[in-house]
Amino acid sequence: MSDFDLHLLTAGPYHEQLVAGFWFSIKLAAGTLVLAMPLALLVALLRMTPSRLLNSIGFTFVEAIRNVPLLAHILFWYFGAPELLPEGLKLWLYRGNIEVAAAVIALTLYTAAYMSEDIRSGVRSVPKEQLEAARALGFNFLTSMRLVVLPQALRITVPPLISQGLSLWKNTSMAMVVGVAEMLYQAQQVESATFRSFEAFAFATAGYLGVSLVITGIAVLYEHRVRGAAGH
């Protein structure tokens, strides 16, 4: 088996299986990102609100999520959380696609915790006088953030958020531990069926690398665009 079997990667059922895994990884990352972004913004606002209670809730969320490995999160939502539900609901979940649900929940919470800190750092970089001026004009906290502070913080916040998107893309591979048919899982299945380890995992490696380079390219283009705008 020393010869590289290109046909396995370009045609046939194993090619289709690997491509299906690739596209599922894309969908998993995109869907998680859509859910994580508003949650991250909400948590960031909680961390910055004048309310001590809401601030504590945001702080607890971030610390509880970030200090536990992603793998443990996924396993908890797959094995642990359903056991806390009523028997009927638990059986309904297990009859459905609970693997994907557990992975999406874990990835969403994990990504949102990190993104919220990036958003908070961006907001804190805006001079506090901007918020004070908005409040002096009669805006409440949320309106001041939405109309005055967040637009200014966006330029600073976008690059680290893109970086978190890159981390999310790579983290989708962790979903394989609960049987989610993403790219790495499919590569493992193909390897088990064909014993062509190099070809199967070369496809997965190329898939992760290709998308990662695209995301990195977007970050570089954005940075150049911002620098160009600043130069003018």
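To keep things clear, this report deals only with the structure shown in the data block. (Residues numbered from 1 in each chain as written. Predicted model: local features only at pLDDT ≥ 70, side-chain atom pairs only at ≥ 80, totals over all residues. Heavy atoms only, no water.)

## Structural notes on the overall build of the protein
Using the following cut-off: Here a strand is any run of E in DSSP of at least two residues, a helix any run of H or I of at least four, and the numbering for each starts at the N terminus. Summary of the burial criterion: residues with accessible area below 20% of their type's maximum are buried, those above 50% are exposed, and those between are partly exposed, where the area comes from a 1.4 Å probe applied to protein chains only. By definition in these notes, contact holds between two residues if any of their heavy atoms fall within 4.5 Å. All accessibility values rest on the Shrake-Rupley procedure with a 1.4 Å probe; residue burial counts only the protein chains present in the view. Counted charges follow a simple rule, with Lys and Arg positive, Asp and Glu negative, and His plus the chain ends left uncounted. To locate a charge, take atom NZ for lysine, CZ for arginine, CG for aspartate or CD for glutamate.
In terms of regular secondary structure, the protein is built from ten helices and zero strands. Helices and strands in the protein line up, N terminus first, as α-α-α-α-α-α-α-α-α-α. Principal-axis analysis of the C-alpha atoms gives the protein an extent of 70 × 55 × 25 Å. Looking at the 232 residues of the protein, the share that counts as buried comes to 38%. Pairs at least 24 apart in sequence give 73% of the contacts found in the protein among residues at least 6 apart. In the form shown here, the protein has an accessible surface area of approximately 13,000 Å², with 66% of it arising from carbon and sulfur atoms. Across the protein, the 16 positively charged side chains and the 15 negatively charged ones have centroids separated by 15 Å.

## Considerations on the environment of Ala44
Structurally, Ala44 can be placed in helix α2 (residues 13-48). Under the relative-accessibility criterion, Ala44 is labelled buried at 0%. C-alpha separation for the pair Ala44 and Asp118, spaced 74 residues apart in sequence, amounts to 8.5 Å. Among all residues touching Ala44, those that are not within four sequence positions of it are Ser116, Ile119 and Arg120.

## Things to note about the packing of α2 against helix α3 (residues 52-66)
In helix packing, the relevant descriptors are the interaxial angle and the interaxial distance, both defined with respect to the helix axes. Our working rule: To get an axis, a line is fitted to the C-alpha atoms, and for a helix only the part in contact is used. The angle between two axes follows their N-to-C directions and goes from 0 to 180 degrees. Should an angle fall under 35 degrees it is taken as roughly parallel, and over 145 as roughly antiparallel, whereas 65 to 115 is taken as roughly perpendicular and any remaining angle as oblique. Definitions for this section: a left-handed crossing has its near helix turned counterclockwise from the far helix by less than a right angle. A right-handed crossing has that turn clockwise. Note on residue categories: nonpolar means Ala, Val, Leu, Ile, Met, Phe, Trp, Tyr, Cys or Pro, charged means Asp, Glu, Lys or Arg, and polar means any other residue, Gly included.
Axis separation between α2 and α3 bottoms out at 6 Å; the angle between their running directions is 130 degrees. Looking at the two axes, α2 sits oblique to α3. Here α2 runs over α3; the crossing is left-handed. Residues Leu39, Val43, Leu46, Arg47 and Met48 of α2 lie in contact with α3, whose contacting residues are Leu54, Asn55, Ile57, Gly58, Phe59, Phe61 and Val62. Residues belonging to the contact of α2 with α3 are distributed by class as follows: nine nonpolar, two polar and one charged.

## Section: the packing of aromatic side chains
This is how the line gets drawn: Only centres within 6.5 Å qualify two rings of Phe, Tyr or Trp (six-membered ring in Trp) as a pair; their planes then separate them into stacked at under 30 degrees, edge-to-face at over 60, and tilted for everything else. Only when the NZ of Lys or the CZ of Arg is both within 6 Å of the ring centre and within 35 degrees of the ring normal is a charge said to sit over the ring.
As enumerated under the stated definition, the model contains six aromatic pairs in all. Note on Phe22 and Trp23: the rings are 5.3 Å apart at their centroids and 70 degrees apart in plane angle, and the pair reads as edge-to-face. Residue Trp23 is classed as partly exposed on the basis of its relative accessible area, which comes to 48%. Measuring from ring centre to ring centre gives 5.2 Å for Tyr110 and Tyr114, while their planes differ by 55 degrees; the resulting arrangement is tilted. You can see Tyr110 and its partner Tyr114 sitting in helix α6 (residues 98-124), four residues apart, about one turn around the helix. Under the relative-accessibility criterion, Tyr114 is labelled partly exposed at 23%. Just above the ring of Tyr114 sits the side chain of Arg66; from NZ or CZ to the centre is 5.3 Å.

## Overview of the pattern of salt bridges
This is how it is decided: Any Lys or Arg side-chain nitrogen found within 4 Å of a carboxyl oxygen on Asp or Glu counts as a salt bridge.
As enumerated under the stated definition, the model contains five salt bridges in all. Among the ionic pairs, Glu199 bridges to Arg196, the shortest N-O distance being 2.6 Å. The buried category is assigned to Glu199, whose relative accessible area is 3%.

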